[in-house]
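# Survey of secondary and tertiary structure
Single-letter residue listing:
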Amino acid sequence: MREGSASTATKTPPARLSGPQGDDADAERRRARTAAVGTALVGVAVVAVLTGPWLERRFGLAALGAWRTLLVAIVMQGVPFLVLGTIVSAAIGAFVPDRVFSRILPRNPVLAVPVAGVAGVVLPGCECASVPVAGSLMRRGVAPAAALTFLLAAPAVNPVVLVATTIAFPGRPEMVAARFVASLAASIAMGWLWIKRGREEWLRLPKGHTHSAPGAGRLEAFRRGLQHDFLQAGGFLVIGAMAAATFNVLVPPSVLEAFSGSPWLGLLVAAALAVLLSVCSEADAFVASSFTGFSPTARLAFMVVGPMVDMKLIALQSGAFGRAFAVRFCAATFVVATLCAVLVAGVLL
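So, here is what we can say about the structure in this document. Here the structure is a predicted model, which means the values were calculated and not measured.

Our focus in this paragraph is a nonpolar patch on the surface. A cluster of nonpolar side chains, namely V181, V347, L348 and L349, defines an oily patch on the protein surface of about 320 Å² accessible area. Mapping V181 onto the fold places it in helix 9 (residues 173-197).

Shown next as structure tokens:
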């Protein structure tokens with residue numbers, strides 16, 4: 001028995017690290033995978049653009065030229081705002097202590113929710129950056145309702161997103177105002193809904209992590225954060241641009257006319273596309289502006305729903321707060337964001 005036990009013990013794989021070192025190793029592996037995927041997607045887009053003319057001549061693919069033009073237009077419009085957003089987001093994550101956010105929020109959760117929503121204006125980053133920030137707020141003792149409100153509002157109401165929306169919809173300031181009001185209203189509504197209906201057992205509070213050391217450590221954290229956020233968001237921007245270009249080239253005009261003739265169907269399709277395409281919030285306005293077959297309300301729903309509920313956010317929230325939370329919270333957010341877009345569009349658009 002002793003020999004068998006010893007043999008078994010020698011064959012048992014080493015236990016996985018569960019402390020800060022294990023968490024750091026897991027985070028490093030996730031960053032490496034994200035960088036690889038993002039780089040591959042950007043590479044695919046570059047190859048498609050460079051080989052497009054040859055493929056058009058070789059196989060007579062006239063539609064490929066239109067697809068390539070749309071792809072380049074959407075990516076080139078979105079990249080400058082993506083770069084600015086990821087730089088500011090990485091700087092905040094590396095140099096601004098978490099306690100700065102917790103100190104500006106009231107202790108009363110009901111009052112903290114709208115303040116957290118407005119505080120989202122100061123974080124010009126994509127939705128990927130808002131998940132770890134919300135987790136750090138909860139670790140600092142901020143009420144989950146306020147942290148979740150900040151999570152939803154930050155990617156949708158910050159100045160970078162609003163400026164990008166202004167450029168994507170020239171001469172349409174009402175679209176920019178509608179996006180801001182609807183996004184902020186949906187974020188605050190979800191925070192109050194969590195206070196009313198949320199349960200502690202649904203939310204797996206994030207564990208603490210080691211903080212970056214001052215000096216070079218913070219600079220390294222900034223570099224890694226910038227690299228991670230840009231490659232991840234850039235990869236999703238390429239996916240969204242490819243999908244939008246494909247949608248515009250392959251979908252017959254009769255289908256778009258059917259959506260236009262049915263406002264509710266077009267609205268639901270646009271909201272569903274926001275979830276599936278997972279375009280970064282700094283660039284989704286350019287994708288929405290390309291959906292010319294949809295009504296203004298449907299395009300507004302695309303921009304309101306996308307930064308709050310998409311495939312990458314569902315995955316990020318599942319990893320940070322647990323699957324039980326992500327399923328319930330994302331489903332409720334989808335409904336609330338869509339309703340807020342409809343209500344605000346009825347007043348402003």
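Closest axis-to-axis distance for the helix 8 (residues 159-168)/helix 9 pair is 9 Å, and the angle between their directions is 150 degrees. It follows that helix 8 is roughly antiparallel to helix 9 by the angle criterion. Helix-helix and strand crossings are classified by hand; for helix 8 and helix 9 the assignment is right-handed. Facing helix 8, whose interface residues are V161, L162, T165 and T166, helix 9 presents V176, R179 and F180. A breakdown of the residues in the contact of helix 8 with helix 9 according to their chemical character gives 4 nonpolar, 2 polar and 1 charged.

Let's shift gears to the side chain of S187. The topology assignment puts S187 in helix 9. Judged by relative accessible area, S187 falls into the buried class, the value being 0%. For S187, the residues in contact, after removing those within four places along its chain, are T149, L152, A153 and M308.

What follows covers the packing of aromatic side chains. In the structure shown here, the tally under the stated rule is 7 aromatic pairs. Measuring from ring centre to ring centre gives 5.6 Å for W194 and F325, while their planes differ by 75 degrees; the resulting arrangement is edge-to-face. With W194 in helix 9 and F325 in helix 16 (residues 323-348), the pair connects residues that are 131 residues apart, well separated along the chain. Take W194: its relative accessible area is 13%, and that puts it in the buried class. Taken together, the aromatic side chains of W194, W202, F321, F325 and F329 make up a single cluster linked through ring pairs.

So, how was this worked out
- Residues numbered from 1 in each chain as written.
- Predicted model: local features only at pLDDT ≥ 70, side-chain atom pairs only at ≥ 80, totals over all residues.
- Heavy atoms only, no water.
- Patch = residues over 30% accessible without salt bridge, like charges linked within 9 Å, V, L, I, M, F, W, Y side chains within 5 Å.
- Areas by Shrake-Rupley, 256 points an atom, 1.4 Å probe, with all protein chains shown as cover.
- Salt bridge = Lys/Arg side-chain N within 4 Å of Asp/Glu carboxyl O.
- Helix = DSSP H or I, 4+ residues; strand = E, 2+ residues; numbered from the N terminus.
- Axes fitted to C-alpha atoms, helices over the stretch in contact; angles between N-to-C directions.
- Parallel < 35°, antiparallel > 145°, perpendicular 65-115°, else oblique.
- Left-handed = near helix turned anticlockwise from the far one by under 90°.
- Contact = heavy atoms within 4.5 Å.
- Nonpolar A, V, L, I, M, F, W, Y, C, P; charged D, E, K, R; others polar.
- Buried < 20%, exposed > 50% of the residue type's maximum accessible area, 1.4 Å probe, protein only.
- Phe/Tyr/Trp six-rings, centres within 6.5 Å; stacked < 30°, edge-to-face > 60°.

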